[in-house]
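Now for the letters of each chain:
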Amino acid sequence: MDVTGLELSGVRFGYGDWQVTYDLAVPSGSFAALLGASGAGKSTLLSLVAGFERPTAGAIGVQGKDVTNLAPAERPVTTLFQEHNLFPHLTALQNIGLGIDPSLRLTSTQKSDISAALERVGLAGMEARPPRELSGGERQRVAIARSLVRQRPLLLLDEPFAALGPALRRDMLDLVNALRRDTGMTVVMVSHDPADARRVADCTAFLHDGGIADFGPTASLLDNPDVPALAEYLGV
Amino acid sequence: MMTGYRPLLWPGGLALLSTLGLAAVALGALLHAAPELSMAAVWDSYTLRVLRFTVIQALLSTALSLAFALPVARAFARRTSFPGRTFLLRVMGLPLVLPVIVAVFGIAAIWGQNGAISNAMEASGLPGLSPLYGLSGILIAHVFFNMPLAVRLLLGAWQTIPGESWRLAGQLGMGPWAIFRLIELPRLISVIPGVAMLVFLLCFTSFAVVLALGGGPRNTTLEVAIYQALRLDFDIARAVGLALVQVAACAVMAVIFFRFAKTPESQATEERLIARPDTDHLPGRVIDTLALVTGSLWVLGPLIAIVIAGLSGPVIDVLSRREVWAAALRSVSVGVGAGLLALVLGIALLATTRDLAVRAGRTRLADRMELAGSLTLVISPIVLGAGLFVLLLPLVPVFDWALPLAALVNGIVAVPYVLRILAPTLRRTAEHHDRLCASLGLRGWARIRHLEWPASRRGIATAWALASALATGDLTAIALFGTQRDATLSLMLYRALGSYRMDEAAVLALLLVGLCLVVFVVIEGGIGGRNRT
């Protein structure tokens with residue numbers, strides 16, 4: 001793979017005493033997991049990539065394009081948050097439609113694209129449902145469908161499935177993984193569970209002590225942790 | 001929080017500038033008129049007598065309201081499911097929105113010389129009640145308004161007691177007295193000072209009740225004395241002096257109030273519905289039933305009397321008068337105008353304070369700005385009106401401007417309601433959805449249309465409806481600026497009461513309540529939408 005899906009070079013960020021520096025290159029089209037203890041800066045990394053936070057130094061590239069100074073909506077990135085991914089008063093179709101046009105003027109072609117996206121995430125025919133009539137898993141599926149119609153090459157998962165049960169969480173991860181293979185997008189997820197990383201992630205980064213302590217293919221990284229902090233984190 | 005974030009300062013800045021600016025101009029006009037008088041001439045035995053009466057009636061009203069509210073609130077807290085509980089709690093909210101002058105009519109119909117109780121006593125051979133006017137009438141009216149308010153506030157404190165406490169109390173076998181002493185009392189002690197200060201402040205600045213029931217210089221409060229000096233004696237110097245005393249007193253109380261009034265930290269957990277262990281105790285049942293029945297009758301009696309007296313009065317005669325409908329139209333226009341003004345000022349202020357609190361991390365500054373928006377706690381509507389009156393009298397024909405001025409004063413008075421209703425919704429909308437909006441590029445008009453409006457239209461409708469209904473029934477500002485020529489319905493009702501035309505007053509009172517209700521329902525239904533959850 002020639003192009004990097006996501007590249008952070010010398011990205012610095014922090015408040016007061018708490019400072020982090022990130023150097024990372026995720027190959028295009030791969031699925032990367034970010035592991036690490038609470039407070040290691042996993043979500044901060046995603047916020048920097050999505051543009052909700054601005055780094056104090058360094059550069060962020062997506063698909064070879066420098067996005068460091070772009071506004072969140074201009075970046076070729078979609079984020080799935082842990083909650084509040086949908087507006088509660090809009091239907092599934094409208095929530096997805098906002099991903100195509102923020103003023104929600106949709107052509108009939110776009111509407112059929114939305115229906116197709118709903119079908120791909122297993123929610124065929126649920127266009128008119130408001131979020132309150134959907135289960136937690138179904139809501140996140142609607143958000144995934146929106147990320148599909150947005151056609152952004154990089155998808156960030158900020159623990160969107162953390163509140164779901166283990167079986168449902170595995171289903172959702174498999175769904176995202178299948179969509180990744182179909183579309184060729186790059187996926188980066190924050191995770192608390194090494195088993196999730198093993199299941200779907202080609203490569204894994206371990207965040208520790210203000211930076212990325214280790215990065216490599218998931219299986220070899222987790223089977224033979226050569227960084228002491230990672231071994232301690234995994235409890236092996 | 002984003003570093004170097006530049007908050008949206010101008011809307012709130014403009015709103016505060018106009019309200020505080022207006023208050024400053026009003027106060028400045030009073031002070032400007034002050035040099036022509038010596039403070040010694042104002043600070044005389046009359047002022048002292050008025051101040052003493054104001055304080056005494058407020059102290060007694062507060063003590064009685066709280067003493068009555070405690071058993072009623074405890075009964076509501078202990079009996080969490082009896083038929084009609086929700087209805088009775090709603091009833092406890094009614095005095096807040098009932099036009100004061102209408103309530104005075106209802107109270108007179110129960111407690112007056114020719115009221116229901118007096119008639120019943122005479123019918124059974126007992127001497128009837130003496131006239132309602134004077135201190136006893138003022139106290140009854142103040143307890144009518146403030147006992148239910150205190151019940152609702154105290155009940156809020158009871159509900160912050162975590163359910164686990166009841167489970168623990170049951171396990172340890174604590175009796176009703178131990179529960180009160182060890183669980184309920186500590187919680188109440190933290191809120192009673194705040195509630196008492198609020199009730200005291202409301203009674204200290206009470207206007208319409210004292211105007212209608214106060215009768216004579218012996219039973220006059222500062223607010224009414226300012227009005228009398230301006231409108232009856234035309235003694236501007238005295239009005240200015242009294243207004244300055246009033247502002248100073250309220251400022252002192254407001255400072256004390258904000259020292260005491262801390263919102264009780266919520267310790268309520270997920271499990272709220274753990275039953276109290278002391279509900280089967282027989283004496284407790286008797287006490288609670290008594291408290292609930294007395295409290296309900298106390299509030300419902302005057303309300304029912306208003307309806308019965310109004311319907312049995314000369315309905316056709318009063319409703320066929322052209323001037324009654326003209327007055328009704330004036331009431332509604334003052335009400336809707338004041339509501340709209342309060343809404344615009346409130347939303348402008350909240351646009352800035354939300355930005356400061358949620359996005360710039362300046363929560364303290366945001367809270368202070370919202371507090372400054374509630375300045376009418378220090379500068380009462382009568383003082384604000386008196387300042388405008390003194391300012392405008394040499395410049396424009398004040399009495400021709402009565403309705404816009406009344407709407408202006410009422411609008412500023414209603415800003416705190418708008419802030420309380422809308423602040424939580426607006427802040428929550430930003431907290432939950434800012435990031436999603438940023439990533440979708442949802443901003444400007446699209447953000448208002450697809451997010452802000454659907455999320456807050458119910459709150460906007462409720463705030464506008466409440467502010468408008470309160471201003472529709474207002475007597476304070478219109479008494480100051482209004483004349484016979486452009487009387488509102490509340491002024492017409494006040495005059496009918498003053499000249500003992502009770503049959504006419506009964507119909508006017510019911511009409512005014514109906515009008516406030518219509519204003520509320522039409523605005524809330526029309527703006528808030530029906531099929532929203």
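Values in this document were obtained by computation on a predicted structure and should not be read as measured data.

This paragraph deals with the interface of chain B and chain A. Tallying the contact residues gives 15 residues for chain B and 18 residues for chain A. Taken together, the elements giving at least two residues each to the side of chain B that touches chain A come down to helix H18 (402-440) and helix H19 (444-472) of chain B. Looking at which element gives the most residues to the side of chain B that touches chain A, the answer is H18(B), with 7 residues. Each residue belonging to the side of chain B that touches chain A can be placed in one class, and the counts come to 9 nonpolar, 5 polar and 1 charged.

This paragraph deals with helix H4 (residues 85-97) of chain B. Residue and element names in this part refer to chain B. Leu88, Met92 and Pro95 are the residues of H4 that are buried. Axial view of H4: buried residues confined to an arc of 55°, hence all on one face. Within H4, the exposed residues directed more than 90 degrees away from the buried face are Thr86, Phe87 and Arg90.

All names here are of chain A. Burial analysis of strand E8 (residues 186-190) places 5 of its 5 residues in the buried class, which makes it a mostly covered element. Alternating positions in E8 separate into two faces, Thr186, Val188 and Val190 on one and Val187 and Met189 on the other, with burial throughout. Pairing of strand E3 (residues 31-35) with E8, which is carried by 4 bridges, proceeds in the parallel orientation. The residue of E8 that forms the bridge with alanine 33 is methionine 189. Across 4 bridges, the pairing between strand E7 (residues 154-157) and E8 is parallel. The partner of leucine 155 across the bridge, within E8, is valine 187. The parallel pair E7 and E8, bridged by helix H5 (residues 166-183), forms a crossover whose chirality is right-handed.

Take the domain arrangement of chain A next. Residue and element names in this part refer to chain A. Considered domain by domain, chain A is made up of domain 1 (4-76 + 152-234) and domain 2 (90-151). For domain 1 and domain 2, the distance between their C-alpha centres works out to 25 Å. Looking at which element gives the most residues to the side of domain 1 that touches domain 2, the answer is H5, with 5 residues. Looking at side-chain class alone, the side of domain 1 that touches domain 2 contains 10 nonpolar, no polar and 1 charged residues.

Residues and elements named next belong to chain B. Assigned domains within chain B: domain 1 (48-267 + 283-307) and domain 2 (315-533). The C-alpha-based centres of domain 1 and domain 2 are spaced at 24 Å. Between domain 1 and domain 2, the contact holds 29 residues from the first and 27 residues from the second. With 9 residues, the single largest contributor to the side of domain 1 that touches domain 2 is helix H12 (residues 236-260).

Packed helices, taken two at a time, are described by the angle their axes make and the gap between the axes. All names here are of chain B. Between helix H1 (residues 10-33) and helix H17 (residues 381-392), the least distance of the axes is 8 Å, while the angle of their chain directions is 60°. Every pair of crossing elements has a handedness; the one defined by H1 and H17 is left-handed. Within the contact between the two elements, H1 uses Ala23, Val25, Ala26, Leu27, Ala29, Leu30 and Ala33 and H17 uses Leu384, Ala386, Gly387, Leu388, Val390 and Leu391. Split by residue class, the contact of H1 with H17 holds 12 nonpolar, 1 polar and no charged.

In this section: the pairing of strand E2 (residues 18-27) of chain A. Two faces make up the sheet, and in a regular strand the side chains alternate between them. Residues and elements named next belong to chain A. Looking at chain direction, strand E1 (residues 4-15) and E2 are connected through 9 bridges and run antiparallel. Within E2, the residue paired with glycine 14 across the bridge is glutamine 19. Linking two consecutive strands that pair antiparallel, namely E1 and E2, is a turn of 2 residues; a positive phi of about 55° is found at glycine 16 within it.

Residues and elements named next belong to chain B. Along its 29 residues, helix H9 (residues 176-204) runs just 36 Å from first to last C-alpha, ending more than 12% under the 42 Å computed at 1.5 Å per residue. Helix geometry: H9 is bent most strongly at glutamate 184, by close to 45°, with proline proline 186 lying one to four residues after it. Where H9 is concerned, the buried positions are Ile179, Ile183, Val191, Val195, Val199, Phe200, Leu201, Cys203 and Phe204.

In this section: the environment of Val49(A). Residue and element names in this part refer to chain A. With respect to the helices and strands, valine 49 occurs in helix H1 (residues 42-50). Valine 49 gets classed as buried once you count the C-beta atoms within 10 Å, which come to 26. Sequence-wise, valine 49 and leucine 6 are 43 residues apart; in three dimensions their C-alpha atoms are separated by 8.6 Å.

Another aspect to go through is the nonpolar core. With 159 residues, the main nonpolar core has Val104(B), Ile226(B), Val418(B), Ala467(B), Leu493(B), Leu508(B) and Ala509(B) as its most contacted residues. Residue contributions to this core peak at 17 residues, all from H18(B). Each of two domains, domain 1 (48-267 + 283-307) and domain 2 (315-533) of chain B, supplies a minimum of three residues to this core. Every residue in contact with Ile226(B), bar those within four places of it in the chain, is listed here: Ala239(B), Leu242(B), Ala243(B), Gln246(B), Ile382(B) and Ala386(B). Core analysis: the next-biggest nonpolar cluster, separate from the first, contains 68 residues, Tyr22(A), Ala32(A), Leu173(A) and Leu207(A) among them.

Rules used in this analysis
Residues numbered from 1 in each chain as written. Chains lettered and ligands numbered in written order. Predicted model: local features only at pLDDT ≥ 70, side-chain atom pairs only at ≥ 80, totals over all residues. Contact = placed C-beta atoms within 7 Å. Helix = DSSP H or I, 4+ residues; strand = E, 2+ residues; numbered from the N terminus. Nonpolar A, V, L, I, M, F, W, Y, C, P; charged D, E, K, R; others polar. Buried ≥ 20, exposed ≤ 12 C-beta atoms within 10 Å, placed from the backbone. Arc of directions from axis to C-beta. Pairing = 2+ DSSP bridges. Right-handed = clockwise from strand over helix to strand, strands pointing away. Domains from an automatic or database assignment. Axes fitted to C-alpha atoms, helices over the stretch in contact; angles between N-to-C directions. Left-handed = near helix turned anticlockwise from the far one by under 90°. Expected span 1.5 Å × (residues − 1). Bend = angle between axes of the 7 residues up to and from the residue. Core = buried A, V, L, I, M, F, W, Y, C linked by C-beta atoms within 7 Å.

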